[in-house]
Amino acid sequence: MSTAVDQAPAQLSDRGLQTQLTELARDAANTPLKHRFKLDPQRASTFSGQIGPLFVDYAKHHLDAGILSGLCALARQRSVPQQLDALRAGAKLNNTEDRSANYPCLRRWASGDTGAKHDPAIDSMYSKMEALVAAIHEGTHRSSTGQTFTDVVNIGIGGSDFGPRLVCDALSNQHANTLRPHFAANIDPSVMTEILARVPAETTLFIVASKSFGTQESRCNAQTARAWLQSALGTNNVDAHFVAVSSKPEAAKAFGISEELIIPAPEWVGGRFSVWSGFGLAIALYAGMDSFRALLKGGYAVDQHVASQPLESNIPLILGMLDVWYRNAWGMTSQAVLPYEHHLKLLPIYLQQLFMESAGKSVKADGGPTASATGGVIWGTEGTNGQHSFHQLLHQGSDAIPCDFIASLSSHNPIGEQHQALIANCFSQSLVLMQGQAAADIEQDLITSGMDASAAQQLAQHKAMPGNRPSTTILMNKLDAESLGALIALYEYRLFAASFMWGINPFDQWGVELGKQISETLMASLSGDDNATLDSSTRELIARYRHAQDA
Ligand code: F6P
């Protein structure tokens, strides 16, 4: 199977990558982070930079000029710049699905910089989206009862859900709330039941967002919505209430959605990268088309930075190299995303799909096994909530976990000094993770405050903080569509850089397929068909389900 890696000039084997990283790390480990700051007073400005509306501080990493140049050399040997050129040129980097991955060209649309290799399908997608949003907002497209829409339910899962849900939540402070957004992803019937209980049938619009239009969850939820509307409105004609976004417009039409209400997305736009495309319809309906364009504009600023900066000052790519550095040379298996911004609380979930569906691979793009570890676990929650939960483990647990702290410098909802307190917490966490506190210093403080020497010595062991734990801090002035677009694009490039260094294809997701197929088979078993080929554990679970239904 041919890949862009095959076409690139310089090559470095997986084992070579692992060996070189391990050698670099052997030296790096001798210098604790806090000493790096003492050694170089300019460190904060050397290892930070502005990228569009974002300021990124990566000074609290196991990094110096020599390590950075070593990581950049490895990235060059693994053809990261060539792969990014290929991505922008529309090469079929998603080789197992024979698709390109030219996400920058979606963001270019909002800037008018469409470029030579522009795909006309992009224009038709956005024109239809823009026209539909205007018709719904202006009331020229109305409900079957002739009313303007007040609520929109996005029915979609995975990439057809996380992006619009994240952006709508992030922008919920800032808009006149044109249409109230709701999100139905899970097939769990409680989700639709609870949404349908709070929306008015006469004025609710449903977006069926499914790239494949074959996803079980979204088809079932859409059927439920249609049956509910028909019954609530006492008519079979509820077509005006359904719009679709899909790469399979024919399947959406066959499902009963009117052709003029279907936004077609190009096939190459992958689910977890689709927030920039017509799949952002819920965002535009809620926050307005201008906000959707601003999201793209933020992403475009990052595209320009990535395309113009050498590796040594290319911030998203440096963050990707650091991911490889920690995963392969330091043995770190997870990373935490900690937004100190309530309206970015869904970011960790969004990034879980982006990173773990993309980089959760043990096979390289060319089909061979990877020799080094690839993507780890992404997790996190909003600060300060996490401080009263898992930060204990971040500070004193046996594993060092690199953290991303993300904050806005001004709040949309200032109250007294509360936002300042939030920022103080954010900055103190990264400081403490980096600096730690020695047992001897703690012991001395305890003795000074009157504790007897032996008790102080013992307690100091529990209170000691190892420090030396790396983190990145990303700041924006105020959370808005543009800064959010830049943030999402920054993470995309970070993922691409790491994936290209690992030699994997970050654009496919074959690992999710078998579970989907087996679940179809198990539907029959749960309905009562005995399947003797199943293992005893699964048969017992099925028996218990059957028993509960029969009771
Ligand atoms: O199951 C994984 C997946 O294919 C994701 O990659 C995708 O975002 C999600 O399902 C939803 O798929 P679709 O948009 O085709 O309904």
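Above this text you will find the structure in question.
Quick look at the structure, then. (Residues numbered from 1 in each chain as written. Predicted model: local features only at pLDDT ≥ 70, side-chain atom pairs only at ≥ 80, totals over all residues. Heavy atoms only, no water.)

1. A look at the overall build of the protein
- A count of helical and extended segments in the protein gives 23 helices and 11 strands.
- Relative to the compact-globule value of 24 Å for 551 residues, the protein shows a C-alpha radius of gyration of 26 Å, a close match.
- Taking the principal axes of the C-alpha coordinates as reference, the protein spans close to 80 × 60 × 60 Å.
- Expressed as a percentage of the 551 residues in the protein, the buried residues total 51%.
- In the protein, once contacts between residues fewer than 6 apart in sequence are set aside, the share between residues at least 24 apart is 76%.
- Of the accessible surface of the protein, which amounts to about 23,100 Å², a share of 52% is contributed by carbon and sulfur atoms. (Helix = DSSP H or I, 4+ residues; strand = E, 2+ residues; numbered from the N terminus. Rg over C-alpha atoms; globule rule 2.2 N^0.38 Å. Buried < 20%, exposed > 50% of the residue type's maximum accessible area, 1.4 Å probe, protein only. Contact = heavy atoms within 4.5 Å. Areas by Shrake-Rupley, 256 points an atom, 1.4 Å probe, with all protein chains shown as cover.)

2. A closer look at the pattern of salt bridges
- Taken as a whole and assessed by the stated rule, the structure comprises 24 salt bridges.
- The salt bridge partner of R99 is E267, with a shortest N-O separation of 3.2 Å. Pair noted here: R99 is in the loop between helix 6 (80-88) and helix 7 (104-111) and E267 is in the loop between strand 7 (262-264) and helix 13 (281-287), with a separation of 168 residues, a long-range link.
- The exposure class assigned to E267 is partly exposed, which follows from its relative accessible area of 29%.
- One salt bridge connects D303 with R107, and the closest N-O pair in it is separated by 2.8 Å. Taken together, the positions of D303 in helix 14 (residues 289-308) and R107 in helix 7 put the pair 196 residues apart, joining distant regions of the chain.
- We classify D303 as buried; its relative accessible area is 6%. (Salt bridge = Lys/Arg side-chain N within 4 Å of Asp/Glu carboxyl O.)

3. Considerations on the nonpolar core
- Within the largest apolar cluster, 114 residues are counted, with the highest numbers of intra-cluster contacts made by L295, W325, L484, L487, Y491 and F496.
- With 16 residues, the top contributor of residues to this core is helix 21 (residues 481-502).
- Mapped onto the domain boundaries, this core takes at least three residues apiece from domain 1 (4-91 + 312-435 + 469-508) and domain 2 (104-295).
- By size, the runner-up hydrophobic cluster in this structure holds 22 residues, among which are I195, F206, V238 and F255. (Core = buried A, V, L, I, M, F, W, Y, C linked by side-chain atoms within 4.5 Å. Domains from an automatic or database assignment.)

4. Digging into unusual backbone geometry
- In this chain, G383 is followed by T384 through a cis amide linkage whose omega measures 10°.
- In this structure, T384 sits in the loop between strand 9 (377-379) and helix 17 (391-396).
- Phi angles above zero are rare outside glycine, and D98 is one such case at about 55°.
- The topology assignment puts D98 in the loop between helix 6 and helix 7.

5. Here's the deal with the site of the ligand
- The ligand sits among 14 residues. The nearest are G159, S160, S210, S212 and T215.
- S212 is positioned with one of its side-chain polar atoms (N or O) 2.6 Å from an oxygen atom of the ligand.
- Looking at the shell around the ligand residue by residue, the classes come out as 2 nonpolar, 9 polar and 3 charged. (Near = heavy atom within 4 Å. Polar contact = N/O pair within 3.5 Å; in protein donor to acceptor, adjacent residues only side chain to side chain. Nonpolar A, V, L, I, M, F, W, Y, C, P; charged D, E, K, R; others polar.)

6. A closer look at the sheet that holds strand 11 (residues 471-476)
- The strand order across the open sheet formed by 6 strands is 1-2-11-10-8-9, and the pairing between neighbours is mixed. Each having just a single partner strand, strand 1 (48-51) and strand 9 make up the two edges of the open sheet. Each strand axis lies, on average, 15° off the axis of its neighbour in the sheet, ignoring direction.
- Pairing analysis gives 4 bridges linking strand 2 (residues 54-57) to strand 11, with the strands arranged antiparallel. (Pairing = 2+ DSSP bridges. Axes fitted to C-alpha atoms, helices over the stretch in contact; angles between N-to-C directions.)

7. Some points on the environment of A201
- Checked against the element boundaries, A201 lands in the loop between helix 10 (189-198) and strand 5 (204-209).
- Taking the C-alpha atoms as reference points, A201 and F507, 306 residues apart in sequence, are found 38 Å from one another.
- With sequence-adjacent residues up to four places away left out, A201 is seen in contact with W228, L229, A232, L233 and H241.

8. Concerning the packing of aromatic side chains
- All told, the structure shown has 19 aromatic pairs when counted by the stated rule.
- Their ring planes at 15° and their centres at 5.3 Å tell us that F206 and F242 sit as a pair that is stacked. Placement of F206 in strand 5 and of F242 in strand 6 (residues 242-246) is noted, with a sequence separation of 36 residues between them.
- Taken together, the ring pairs in this structure connect Y103, W268, F273, Y493, F496, F500 and F507 into an aromatic cluster.
- Cation over ring: R107 sits above W276, and NZ or CZ is 4.7 Å from the ring centre. (Phe/Tyr/Trp six-rings, centres within 6.5 Å; stacked < 30°, edge-to-face > 60°. Lys NZ or Arg CZ within 6 Å of the ring centre and 35° of its normal.)

It is worth stressing that arrangement in space is one thing and function is another; only the former is reported here.
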